[in-house]
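Listed here are the chains, written in short residue letters.
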Amino acid sequence: QVQLVESGGGLVQPGGSLRLSCTASGSIFSFGTMRWYRQGPGKQRELVASSTRAGTTNYADFVKGRFTISRDNVKNTVYLQMNSLKPEDTAVYYCNAQLYPNSWGQGTQVIVSS
């Protein structure tokens, strides 16, 4: 197992931005694809974005054009830049590693509200 620590969440107004970070206890290059998920109030956890080792990215339709995932394999950190935030983006955000699918951090809370 690996340890993943998410940070950067908070309260933001609609239209605002946040940058989330996920720092791993080991080399994320060896972890394979890194993914961000989120779980909103009363909802199931859903995939938001992913980044392969080579940096190829994919996004859920509901965040395309607004969110950007990136990874720093030297700092063992994955980022999620979130722009043009909407109230429906309110959720706890988690990162996850392809090769350690059962390892989850505590998540970071994002609240989008005026």
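Residues numbered from 1 in each chain as written. Predicted model: local features only at pLDDT ≥ 70, side-chain atom pairs only at ≥ 80, totals over all residues. Heavy atoms only, no water.

### Things to note about the overall build of the chain
And then number 1: Scanning the chain from terminus to terminus reveals zero helices and ten strands.
And then number 2: In terms of C-alpha radius of gyration, the chain reaches 13 Å, essentially the compact-globule figure of 13 Å for 114 residues.
And then number 3: When its C-alpha atoms are laid out on the principal axes, the chain stretches across 40 × 25 × 20 Å.
And then number 4: Scored against the burial criterion, the 114 residues of the chain give a buried share of 46%.
And then number 5: The long-range fraction of contacts in the chain, counting pairs at least 24 apart against all pairs at least 6 apart in sequence, stands at 54%.
And then number 6: Summed over all atoms, the accessible surface of the chain reaches about 5800 Å², with 47% contributed by carbon and sulfur.
And then number 7: Averaging the locations of the 11 positively and 6 negatively charged side chains of the chain gives two centres separated by 4 Å. (Helix = DSSP H or I, 4+ residues; strand = E, 2+ residues; numbered from the N terminus. Rg over C-alpha atoms; globule rule 2.2 N^0.38 Å. Buried < 20%, exposed > 50% of the residue type's maximum accessible area, 1.4 Å probe, protein only. Contact = heavy atoms within 4.5 Å. Areas by Shrake-Rupley, 256 points an atom, 1.4 Å probe, with all protein chains shown as cover. Lys, Arg positive; Asp, Glu negative; His and termini not counted. Charge placed at Lys NZ, Arg CZ, Asp CG, Glu CD.)

### Side note on the nonpolar core
And then number 1: W36, V48, F67, L80, M82 and Y93 are the most contacted members of the largest nonpolar core, which has 27 residues in total.
And then number 2: When contributions to this core are tallied by element, the ones reaching two or more residues are β3 (18–24), β4 (34–39), β5 (46–51), β7 (67–72), β8 (77–82), β9 (91–97) and β10 (108–112).
And then number 3: Excluding residues that lie within four positions of it along the chain, V48 makes contacts with W36, Y37, R38, N58, Y59, A60, V63, F67, L80 and Y93. (Core = buried A, V, L, I, M, F, W, Y, C linked by side-chain atoms within 4.5 Å.)

### Some words on the state of the cysteines
And then number 1: Evaluated as defined, the whole model comprises one disulfide.
And then number 2: In this model C22 forms its disulfide with C95; the gap between the sulfur atoms is 1.8 Å. Around the S-S axis, the bridge from C22 to C95 shows a dihedral of about 50 degrees and counts as right-handed. Separated by 73 residues along the polypeptide, C22 in strand β3 and C95 in strand β9 bring together distant segments of the chain.
And then number 3: Note on C22: relative accessible area 0%, which makes it buried. (Disulfide = S-S within 2.5 Å.)

### Regarding the sheet that holds β9
And then number 1: In space, the six strands of this open sheet follow the order β2-β10-β9-β4-β5-β6, with mixed pairing throughout. On the outer flanks of this sheet lie β2 (10–12) and β6 (57–59), each paired with one strand and no other. Averaged over all pairs of adjacent strands, the angle between strand axes in this sheet comes to 25 degrees, irrespective of strand direction.
And then number 2: Strand direction decides the pairing type here: β4 and β9, joined by six bridges, are antiparallel. Bridge pairing links Q39 to V92 in β9. (Pairing = 2+ DSSP bridges. Axes fitted to C-alpha atoms, helices over the stretch in contact; angles between N-to-C directions.)

### Section: the side chain of D89
And then number 1: Counting through the fold element by element, D89 comes out in the loop between β8 and β9.
And then number 2: Taking the relative accessible area as the measure of exposure, D89 reaches 0% and is therefore buried.
And then number 3: Polar side-chain contacts of D89 include one of 2.7 Å to the side chain of R66. (Polar contact = N/O pair within 3.5 Å; in protein donor to acceptor, adjacent residues only side chain to side chain.)

### Some remarks on the packing of aromatic side chains
And then number 1: Overall, the coordinates contain three aromatic pairs when judged by the stated rule.
And then number 2: When the ring of F31 is compared with that of Y100, the centres are 5.2 Å apart and the planes differ by 75 degrees; the resulting orientation is edge-to-face. Note that F31 is positioned in the loop between β3 and β4 and Y100 in the loop between β9 and β10, a separation of 69 residues in sequence.
And then number 3: Three or more aromatic residues joined by ring pairs form one cluster here, namely Y37, Y94 and W104.
And then number 4: A cation sits over an aromatic face here: R45 above Y94, 4.0 Å from the ring centre.
And then number 5: Cation over ring: R45 sits above W104, and NZ or CZ is 4.3 Å from the ring centre. (Phe/Tyr/Trp six-rings, centres within 6.5 Å; stacked < 30°, edge-to-face > 60°. Lys NZ or Arg CZ within 6 Å of the ring centre and 35° of its normal.)

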